[in-house]
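Structural overview for review
Listed here are the chains, written in short residue letters.
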Amino acid sequence: MSKLNILDILFVLQSYLIGWEEFRMNKWLIGYIVVIAASVIDWMLSVSMVCNENLRVRRLIRPFFLLQNSSLMKKTLKCIKRTLPEIASVILLLALHLCLFTMIGMLIFSKSDDPKKNGEWETYFKNLPKSLSSLLVLLTTANNPDVMIPAYSLNRGYSIFFILFSVFGTYLLMNLMTAIIYNQFRGYLLMSVQTSIIRRRLGIRAAFEVLCCPGRGHTSTQSEVAVNMFLQVLGRVHMKSHCRQAIIKAAQQFPDGFINGEAFQRLFIELDKDFMKEHPPKPEYSSPVLQQIQYMYSHFYIVVLGNVVALANVICICTVLVLNSEKSASEKNNFYMEILNCIFILYYLIEMLLKIVAFGWRGYLSYRNNIFDGFFTVLLLFLVSGTVYQLKICISSVSHDPSEIKSLLSYDDYAQETFLIIFIVFTSEPRLSLCSPFSLISNSSIENKTDGPFSMDCGTFEQLEYWPNNFDDFASSLVLLYNIMVVNNWHVFTDAYTRYTTEWSLVYFVAWWLTSSVMWVNLFVALILENFTYKWDRSNALSVEDVERIAYQSTVQLIFREHIQEPTEEELLAQLQQHPHLHLSW
């Protein structure tokens, strides 16, 4: 009952605050009320059935709350809604392409009287669902060339069928769909930015009309706003501090103390910019040596030199790892590598200290790349100190046999080399160590054998030991869906779930692939391409300082500045006259 009371209070408050007419026009709020009501009803049914129901509807509708409370998610859904009609024709063409080649494949690879020639039919084209799923997976290249090997082993001409399918499906239709999604996303984003700009200009113009002084003219072309009144109101407005300071500084430049409409609009251009970070001033030294150090380590080429040294460090480590890859711990001699590691770490430490001298503490920490480099330099220094201390303890506790001491040194060298590779290259390869059972079958009951009573086909879910990929909990479900999105070996998962659950599970995985890999990933790629193209075009002929300034100032509005049309004065005044909550007397 408490949830019902909260629902009633929420419904009444939202209706009262925004008005009943506005509430009825807001589909998200109506959907919010419906979802909460459905959740409460489902909860009451669960309580009445002592939580023994087979299906809980409220779990299925929980993602709605994430969508309803995120403006970014709403915009993305609108973009998808706008994109779907455009790609519907390509999806239909893709479906026809898939069905056509499925029928042709079932005719070509039909069952033969000779059992030795039925490999392709038995494995991939035995029935319609299996044929469709095999070619759908081939569309993502996940089972290529496995899907054509049985037929290709009999006759090389069969490869023409699979090559034609991949050329028209994967390289033509799928890329065409990516291009359409990118184009529609760019058009929607441009339209969204255009709408945002119009709303902002309209709000600024409305503020000007409310604040304008009646004593200095009454028509819109002669109205002006007093600077003192504007600054008083601006002090009570919630905005970023750097934007407020820039607007105040610009407003104080008017000599007569009044601002006209056009100048009032220009004051708020600062809202379209991100904060440009200003680095603290460099310390001033009287010593010529310190001045020379400051000049050298403030130059951009020092950054290039540091990257070259880090690359040389990585090359040295990789070279030693390759040379010692087939040696045992007692056979390895990493004395020279240990000296090189100490030299590199000493260089990193000296570079960090000299940069601190050149920029000062605050100036050094104002650069994100310096924070990154300094953190790993200090970390490597602690690692080296810790390993040296550990070696002293280990050497004192073992016998004085040179082979044992050499084995310890070799083991410590590899540990240090591993740390260096991880920290310098900043790459890692996590490995899932959990081995939870599959939803229906435990891996403890099946041994990984290729013969005997528990024999299994090579490349199957069981043989590959994919047991951690399951829906047993939320975390493993996320990992499994991510693996499906990547589409590498995703047919292994779909095959296992269709065998152990139902063939309709394939529909779920295909729907997830279309939503995640085809739609969401392509939208993400479109955003990256748009941002990269803008910054590449802007920074191609600029200096390093200008590139750094663009990195701080480039917002979405500035990215589309060349394509955005500013609203005219007449358009703004016409929309203000039609505004339901603003009544101006002109």
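Per an unreviewed UniProt entry, the chain carries the name Two pore segment channel 2 and comes from Cyprinus carpio. Recorded in UniProt for the chain, the comment headed Subcellular location (unreviewed entry) runs: "Membrane".

Overview of the overall build of the chain
Secondary structure summary: the chain contains 24 helices and 2 strands in total. Buried positions account for 34% of the 586 residues belonging to the chain. Restricting the contact set of the chain to residue pairs at least 6 apart, pairs at least 24 apart contribute 68%. Just so you have it, the chain exposes about 36900 Å², and 64% of that area is on carbon and sulfur atoms.

A look at the confidence of the model for the chain
Detailed reading of the predicted model is not advised wherever pLDDT is low. Per-residue confidence for the chain averages 75 on the pLDDT scale, and 75% of its residues sit at or above 70. Per-element confidence in the chain ranges from a low mean pLDDT of 43 for helix H18 (residues 402-425) to a high of 90 for helix H9 (residues 149-154). Per-residue pLDDT stays below 50 along residues 215-221; that stretch engages in 12 contacts with residues further than four places along the chain or on separate chains. Between residues 404-419, whose pLDDT stays under 50, and residues either more than four places distant or in other chains, the model counts 38 contacts.

Some thoughts on the nonpolar core
Among the nonpolar cores identified, the biggest contains 46 residues, and Leu135, Phe162, Trp490 and Trp513 are the most heavily contacted of them. Secondary structure elements with two or more residues in this core: helix H6 (71-108), helix H8 (128-139), helix H10 (159-211), helix H19 (474-486), helix H20 (490-500) and helix H21 (505-539). When residues in this core are grouped by element, the largest group, 9 residues, is from H10. The contacts of Trp490, once residues within four sequence positions are left out, are Leu136, Val137, Thr140, Ala142, Ile484, Phe509 and Trp513. By size, the runner-up hydrophobic cluster in this structure holds 17 residues, among which are Val227, Met239, Ile247 and Ile259.

Here we look at the UniProt feature "transmembrane region" (unreviewed entry) in the chain
With numbering matched to this structure, UniProt assigns "transmembrane region" (unreviewed entry) to residues 29-51, 87-109, 158-182, 300-323, 335-359, 371-391 and 506-529. Split by type, residues 335-359 is 100% helix and 0% strand. Its first and last C-alpha atoms lie 37 Å apart.

A short note on the side chain of Arg244
With respect to the element layout, Arg244 can be found in helix H12 (residues 241-251). We classify Arg244 as buried; its relative accessible area is 18%. Within polar-contact distance, the side chain of Arg244 engages the backbone oxygen of Leu234 at 3.4 Å. Other than its neighbours up to four places away in sequence, Arg244 contacts Leu234, Gly235, Val237, His238 and Met239.

Points about the packing of aromatic side chains
According to the stated counting rule, one finds 26 aromatic pairs in the structure shown. Residues Phe230 and Phe268 carry aromatic rings whose centres are separated by 6.0 Å and whose planes lie at 85° to one another, so their mutual orientation is edge-to-face. Note that Phe230 is positioned in helix H11 (residues 227-234) and Phe268 in the loop between helix H13 (261-267) and helix H14 (288-297), a separation of 38 residues in sequence. Classification of Phe230 as buried rests on a relative accessible area of 3%. Using a relative accessible area of 10% as the deciding quantity, one classes Phe268 as buried. Note on Phe375 and Phe376: the rings are 5.2 Å apart at their centroids and 70° apart in plane angle, and the pair reads as edge-to-face. For Phe375, a relative accessible area of 52% puts it in the exposed group. A network of ring pairs unites the aromatic residues Phe101, Phe109, Phe125, Tyr158, Phe161, Phe162 and Phe165 as a single cluster.

Topic: the pattern of salt bridges
This structure, assessed with the given rule, holds 6 salt bridges. Put simply, Glu122 and Lys126 hold a salt bridge, and the shortest N to O gap is 3.4 Å. We classify Lys126 as partly exposed; its relative accessible area is 39%. Here Asp495 ties to Arg499 by a salt bridge, and the two come within 2.9 Å at their closest N and O atoms. Of the two residues, Asp495 and Arg499 are both situated in helix H20; the distance of 4 residues between them amounts to about one turn of the helix. A relative accessible area of 32% places Asp495 in the partly exposed class. By relative accessible area, which is 40% here, Arg499 ends up partly exposed.

Let's talk about helix H3 (residues 27-48)
Relative to the 32 Å expected for 22 residues at 1.5 Å per residue, H3 spans 31 Å between its end C-alpha atoms, a close match to the ideal helical length. If you check which residues of H3 are buried, you get Leu29, Gly31, Tyr32, Ile33, Val35, Ile36, Ser39, Val40, Asp42 and Ser46. One or two steps after H3, the chain reaches Val50, where phi turns positive at roughly 55°.

Side note on a nonpolar patch on the surface
Residues Ile160, Ile163, Leu164, Val167, Phe168, Tyr171 and Leu172 make up a contiguous nonpolar surface patch of roughly 680 Å² in combined accessible area. Among the secondary structure elements, Tyr171 is positioned in helix H10.

Reading the values: the criteria
- Residues numbered from 1 in each chain as written.
- Predicted model: local features only at pLDDT ≥ 70, side-chain atom pairs only at ≥ 80, totals over all residues.
- Heavy atoms only, no water.
- UniProt positions renumbered as here; feature names shortened; annotations may be inferred.
- Helix = DSSP H or I, 4+ residues; strand = E, 2+ residues; numbered from the N terminus.
- Buried < 20%, exposed > 50% of the residue type's maximum accessible area, 1.4 Å probe, protein only.
- Contact = heavy atoms within 4.5 Å.
- Areas by Shrake-Rupley, 256 points an atom, 1.4 Å probe, with all protein chains shown as cover.
- pLDDT = per-residue confidence, 0-100.
- Core = buried A, V, L, I, M, F, W, Y, C linked by side-chain atoms within 4.5 Å.
- Polar contact = N/O pair within 3.5 Å; in protein donor to acceptor, adjacent residues only side chain to side chain.
- Phe/Tyr/Trp six-rings, centres within 6.5 Å; stacked < 30°, edge-to-face > 60°.
- Salt bridge = Lys/Arg side-chain N within 4 Å of Asp/Glu carboxyl O.
- Expected span 1.5 Å × (residues − 1).
- Patch = residues over 30% accessible without salt bridge, like charges linked within 9 Å, V, L, I, M, F, W, Y side chains within 5 Å.

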